[in-house]
Amino acid sequence: MTLYGTAVAADSTSVGPSPSAGDASVFALESTKASRSLLLDVTHAGDRMVVVGDRGHILYSDDQGKSWTQAKVPTRQLLTAVYFVDARHGWAVGHDAQILASSDGGVTWIKQFEDLKREAPLLDVWFKDVSNGIAVGAYGAVLATSDGGQHWEDIGDRLDNEDQYHLNGITYVKDAGLFIVGEMGSMFRSYDDGQTWEKLEGPYQGSLFGAVGTTEPQTLLAYGLRGNLFRSTDFGSSWEPISLQGERGPLEFSIANASLMPDNSIVLVGNGGSVMRSTDDGATFEVSNRPDRLSLSGVAEDNKGNLILVGQGGVHLASPTGADVAQQ
């Protein structure tokens, strides 16, 4: 996930007690325009869709993105990522190192954790099941839980990240393990669900904003600044650059996010309204650019194969190639 805004490193890396739901006195303001505000991520909670973004906005849709209901959320901070393990249990992360949790499919949320001393956001979150999860973020932040988020442990010292590079994305790779990418091309992999981590020499020295596993074993894509995209079939031991050709030559827009779709295709989105789809496990992509050129930061798919895009301007309902479709 792309790092939005600027943060200042905190001296303390200690993890304090997780606040309970009763500690939350500030809730996100209700707004009829929330679905058109800045939104940074979108995911499925069963058949429901959930989006997160600016001012603590979390919205959910039960009609495949045609209409949205604002959830009750105990924060007004920017939320950067959301992840559901099933139709009911999900987590969202954001600024002030906040971690929110829902057990009713995204309708209501509690604040499980925050650390104001970090003065930095969490940028991505992944859960193996309803108990075990990891959140990553700026200045090398890595937090882990084994009890569904009742307690979060700082495990940043498990990574060889002495310079505390921002960690922008975490993903699971089939038949391999977990993979983290971040600032300055940093890469880390774990074969044991995050207990131990190995630092890798990546193919690129610029920022990587995320990674996504494919349907093939040990195969993943890493993506980032200026359209840089790389593919590995051996869990990050070696990489091949993937060329993205747009309407006017090589794509130079940054890639912000990616999703593996139900039909096993992979869709990338990024700045300049770029939408890229692969049907061969990331070996090649078809690139299209939306006419509005609004930056996109998240993508999911409805039950008809159309895209739900989020970013600048909120939610966009689009065809499989990224073009706007009329609401039915």
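J.: Can you walk me through the overall build of the protein in this structure?
T.: Within the protein one finds zero helices and 29 strands. Principal-axis analysis of the C-alpha atoms gives the protein an extent of 50 × 45 × 35 Å. Here the protein, with 328 residues, has 57% of them falling under the buried criterion. The contacts of the protein with a sequence gap of at least 6 include a subset with a gap of at least 24, amounting to 48%.

J.: Can you walk me through the pattern of salt bridges in this structure?
T.: According to the stated counting rule, one finds 11 salt bridges in the structure shown. Residue Glu198 pairs with Arg189 through a salt bridge whose shortest N-O separation is 3.0 Å. Judged by relative accessible area, Glu198 falls into the partly exposed class, the value being 34%. Between Asp292 and Arg290 there is a salt bridge, and its shortest N-O distance comes to 2.8 Å. Given the relative accessible area of 4%, Arg290 is considered buried. Taken together, the shared-partner salt bridges connect Asp115, Arg118 and Asp154 into one network.

J.: Would you explain unusual backbone geometry in this entry?
T.: Across the chain, the bulk of peptide bonds are trans and the bulk of non-glycine residues have phi less than zero. Despite not being glycine, Ala97 has its phi angle at roughly 50 degrees, a positive value. Within the secondary structure, Ala97 sits in the loop between β6 (90-94) and β7 (98-102). Phi at Arg293 is positive, roughly 60 degrees, even though this residue is not glycine. Examined against the element boundaries, Arg293 turns out to sit in the loop between β26 (286-289) and β27 (296-301).

J.: Which parts of the structure should I look at to understand the pairing of strand β9 (residues 122-127)?
T.: Along any regular strand, the residues point their side chains to alternate faces of the sheet. Of all six residues making up β9, six are buried, and the element is well covered by its neighbours. The turn joining β9 and strand β10 (residues 133-137), which pair antiparallel and follow one another in sequence, is formed by five residues.

J.: I would appreciate a short explanation of the sheet that holds strand β4 (residues 69-70) in the present structure.
T.: Within a sheet, each strand pairs with its neighbour through backbone hydrogen bonds, oriented either parallel or antiparallel. Pairing within the open sheet is antiparallel, and its four strands lie in the order β1-β2-β3-β4. In this open sheet, the two strands that pair with only one neighbour each are β1 (39-45) and β4. Of the strand pairs in this sheet, strand β2 (residues 48-53) and strand β3 (residues 58-61) are connected by four bridges, and their pairing is antiparallel. Directly across from Val52, in β3, lies its bridge partner Ile58.

J.: It is not clear to me how the packing of aromatic side chains should be interpreted in this structure. Could you clarify?
T.: A ring pair, where both rings are aromatic, is described by two values, the distance of the centres and the angle of the planes. The full count for this structure, using the stated rule, is eight aromatic pairs. These aromatic residues form a ring-pair network of at least three members: Phe179, Tyr191, Phe235 and Trp239.

J.: What should I look at first to understand the environment of Ser265 in this one?
T.: Note on placement: Ser265 falls in the loop between β23 (255-260) and β24 (266-270). Of note is the side chain of Ser265, whose polar atom sits 2.7 Å from the side chain of Arg277.

J.: Teacher, can you tell me more about the side chain of Ser207 here?
T.: With respect to the helices, strands and loops of the structure, Ser207 is situated in the loop between β16 (198-200) and β17 (208-213). Not counting residues up to four positions away in its chain, the partners in contact with Ser207 are Gly182, Glu183, Met184, Gly185, Gly224 and Leu225.

J.: Looking at this structure, I do not really get the environment of Ser102. What am I missing?
T.: Looking at where Ser102 falls in the secondary structure, it is placed in strand β7. For Ser102, a relative accessible area of 4% translates into the label buried. Separated by 10 residues in sequence, Ser102 and Ala92 place their C-alpha atoms 8.6 Å apart. Apart from the residues within four sequence positions on either side, Ser102 is in contact with Arg88, His89, Gly90, Val107, Thr108 and Trp109. Polar contacts involving the side chain of Ser102 include one to the side chain of Asp104, which spans 2.9 Å. At a separation of 2.9 Å, a polar atom in the side chain of Ser102 contacts the main-chain amide nitrogen of Gly106.

J.: Help me out: how do you make sense of the sheet that holds β26 in this one?
T.: In spatial order, the strands read β23-β24-β25-β26; together these four strands make up an open sheet with antiparallel pairing. The sheet is open, and its two edges are formed by β23 and β26, each paired on a single side. Strand-to-strand twist of the sheet, defined as the mean angle between neighbouring strand axes without regard to direction, takes the value 20 degrees. Pairing of strand β25 (residues 274-278) with β26 involves four bridges; the strand directions are antiparallel.

J.: How should I be thinking about the pairing of strand β18 (residues 220-224) in this particular structure?
T.: With respect to burial, β18 is a largely interior element, five of its five residues being buried. Of the two faces of β18, the one holding Leu220, Ala222 and Gly224 and the one holding Leu221 and Tyr223 are both buried throughout. Bridging between β17 and β18 involves five bridges; their strand directions are antiparallel. The residue of β18 that forms the bridge with Gly210 is Tyr223. Hairpin geometry of β17 and β18 is characterised by an intervening segment of six residues between the two adjacent antiparallel strands and by a positive phi of about 60 degrees at Gln218.

J.: So what exactly am I meant to see when it comes to the confidence of the model for the protein here?
T.: For any part of a model where pLDDT is low, the fine detail of the predicted coordinates should not be relied upon. Of the residues in the protein, 90% have a pLDDT of 70 or more, and the chain-wide mean is 91. This stretch, residues 1-24, has a pLDDT under 50; its non-local contacts, to residues over four places away or in other chains, come to 60 contacts.

Analysis parameters
- Residues numbered from 1 in each chain as written.
- Predicted model: local features only at pLDDT ≥ 70, side-chain atom pairs only at ≥ 80, totals over all residues.
- Heavy atoms only, no water.
- Helix = DSSP H or I, 4+ residues; strand = E, 2+ residues; numbered from the N terminus.
- Buried < 20%, exposed > 50% of the residue type's maximum accessible area, 1.4 Å probe, protein only.
- Contact = heavy atoms within 4.5 Å.
- Salt bridge = Lys/Arg side-chain N within 4 Å of Asp/Glu carboxyl O.
- Pairing = 2+ DSSP bridges.
- Phe/Tyr/Trp six-rings, centres within 6.5 Å; stacked < 30°, edge-to-face > 60°.
- Polar contact = N/O pair within 3.5 Å; in protein donor to acceptor, adjacent residues only side chain to side chain.
- Axes fitted to C-alpha atoms, helices over the stretch in contact; angles between N-to-C directions.
- pLDDT = per-residue confidence, 0-100.

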